[in-house]
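# Commentary on secondary and tertiary structure
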Amino acid sequence: MSATTTRTATALGAARRVDFPTLSRTVHGRRLVYLDSGASSQTPQVVMDTMDDYYSRFRSNVHRGVYQLAEEATDLFERGRSRMATFIDTPVEGLVFTKNSTEAMNLVAWSWVRTRLGPDDALLTTRMEHHANFVPYLHAQQDRGFDLRTIPLTPDGRLDHDVARELLADGKVTFLALVHVSNVLGTINDVAALAEMARDANPDCRVLVDGSQAVPQMPVSVRDLGVDFYAATGHKMCGPTGVGMLAARPELLEEMPPFLTGGEMILDVTLDGFTTNEVPHKFEAGTPMIAEVGGLGTAVDYLTDLGMDRVRAHEHELVGELIDALLSVEGVTVHGPMDPDLRGGAVSFELAGVHPHDVGAMLDQHGVAIRVGHHCAKPLMRELGVNATARASLGLYNDRDDLGPLVEGLERARTFFAR
Amino acid sequence: MYQDIILDHYRKPHNRAGELEGTDAKVHHSNPLCGDEMDLRIRVVDDHLDAVVFDGDGCSISQASASAMTQAVTGRELDDVLDLSENFRMMMHGDDPERLDDLEDGIAFQGVAKFPVRVKCALLGWMAVKDAIETYRGGDAAHAVTHE
């Protein structure tokens, strides 16, 4: 975190919008108020500049090239890897690039869960998972027959640690998969405590964390969390679309069979066999997303300069005001923890008597972009007893002045759709 | 998108009921991605749609469109209802409707075609009445459909 000292005077919030070209546009004649960073963040110009630079100056393939352009492209790509590894405090040789966090979790489901877990094992996950960290295990369970267990929620939207302890008690849980920060409830889970609890019950238990929402909004040290696998994605952390990652303990990657096979991931191929490349390349088959990894490296620099501790502090302050603003509208209820200490910047809510689709469409008329629907978390929707919710989620460029248009749009929806 | 006609149907839906005396077929349709749920019941007399009622939860577009649909189809021959339903479906996919007058208030939903995410909301009631007729003709009394 040494870089945080270089630009400590840089203000967050509205002052940063100048860095993000999209945020200067209007929608339906109104200033765009972007409250959907939980789905995908905006991209700063510096990230696009890096990608343009690659396409216009040294466009070529990575690795094995013996000419200048290929060396520059390889440097850009591997710089992205080392920047990203430092950013989340994980060994660089354990950092595998995937197309998104969904692919990262599928990689582990195929190369670890499906090769290790059988009818005598149990896999423990939670009822607040995104489908990306749930369906791969449902799918694997059909073939491998392990027991699939889920940690329920407390009434205020946190994981119930007491029930988790009971679910671990028989020592059969050999894999724990859980989300770091909920994309629906905003809940920040105590991942380190749950990982320790799982290993106390069974020292051989491996732990995977879905960090898709966490990495963009708080400092993350995979090492300090003490987990085996950590998945994240570039497009939610000011990076480009099309690049995600799996941070794994390198020795586990060594043990695992490859996921996708083909070029790049091999050392040698004969007519009757192949040997795999060194990790992490063993898990990166084919030409990778070169421009995107380059852009991601610049996104990491951008966030590092701002300081993730400051990003967290900014969103921590603003999310409390966001909840207060939502609750100021008659008929609004908010899901998840109310205490900003326990939550990130995504807030799911309902407006009594108005379907979330109508809420979203009305806010759009006010220039406000939010997400509505089941947020790829149908088991959680059932747990909450709803079909869908509306969700406002914060980014480092949001500020108090975004809350006015949100409240104004909600008031309009409330009166417009009153029956 | 939210024209006055649509809002009127949303606020004061026509033929919204959970029961229908002498029901010949009942269908349940849902859009799981939106969370729209609809029960629809029909009564048939002499191959005509004598009565149709709907009930359920959903956004303003799905509820208002179902209400407008019930008014446009009640009393028509079953084949005519199927034809009108197809006319509405084509309109929601961007075609100019041939049976402008027969669609009655359904015509107000033409603008929804510009919002691809909401098209299936507007179609829900119309697809349900089509399915109810096919269910009735197939000799069944109930059918459930989940839309992709």
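Residues numbered from 1 in each chain as written. Chains lettered and ligands numbered in written order. Predicted model: local features only at pLDDT ≥ 70, side-chain atom pairs only at ≥ 80, totals over all residues. Heavy atoms only, no water.

Between chain B and chain A, the contact holds 16 residues from the first and 14 residues from the second. With both sides pooled, the region where chain B packs onto chain A buries about 1,400 Å², and carbon together with sulfur makes up 52% of that total. Joining chain B to chain A, the criterion identifies one salt bridge. Elements supplying a minimum of two residues to the side of chain B that touches chain A: helix H1 (4-11), strand E2 (36-45) and helix H2 (60-73) of chain B. (Contact = heavy atoms within 4.5 Å. Buried area = accessible area lost by both parts, 1.4 Å probe. Salt bridge = Lys/Arg side-chain N within 4 Å of Asp/Glu carboxyl O. Helix = DSSP H or I, 4+ residues; strand = E, 2+ residues; numbered from the N terminus.)

Turning to the sheet that holds strand E3 (residues 48-57) of chain B, a few remarks are in order. Residues and elements named next belong to chain B. The sheet built from four strands is open, its strands ordered E3-E2-E1-E4 with mixed pairing. What marks the edges here is a single partner per strand, and that holds for E3 and strand E4 (142-146). Across the sheet, the axes of successive neighbouring strands diverge by a mean angle of 15 degrees, strand direction being ignored. Set on the sheet, H2 makes contact with E2 and E3; between it and E3 the angle comes to about 170 degrees. The strands that helix H4 (residues 116-137) touches are strand E1 (25-31), E2, E3 and E4; relative to E1, the one it contacts most, it runs at about 150 degrees. (Pairing = 2+ DSSP bridges. Axes fitted to C-alpha atoms, helices over the stretch in contact; angles between N-to-C directions.)

Residues and elements named next belong to chain A. At a minimum axis distance of 10 Å, the contact between helix H3 (residues 101-116) and helix H4 (residues 135-144) shows a crossing angle of 25 degrees. One way to sum up the angle between H3 and H4 is to call them roughly parallel. In this structure, H3 crosses over H4, and the sense of that crossing is right-handed. Within the contact between the two elements, H3 uses Met105, Asn106, Ala109, Trp110, Val113, Arg114, Thr115 and Arg116 and H4 uses Pro136, Tyr137, His139, Ala140, Asp143 and Arg144. Classifying every residue of the contact of H3 with H4 by side-chain character gives seven nonpolar, three polar and four charged. (Parallel < 35°, antiparallel > 145°, perpendicular 65-115°, else oblique. Left-handed = near helix turned anticlockwise from the far one by under 90°. Nonpolar A, V, L, I, M, F, W, Y, C, P; charged D, E, K, R; others polar.)

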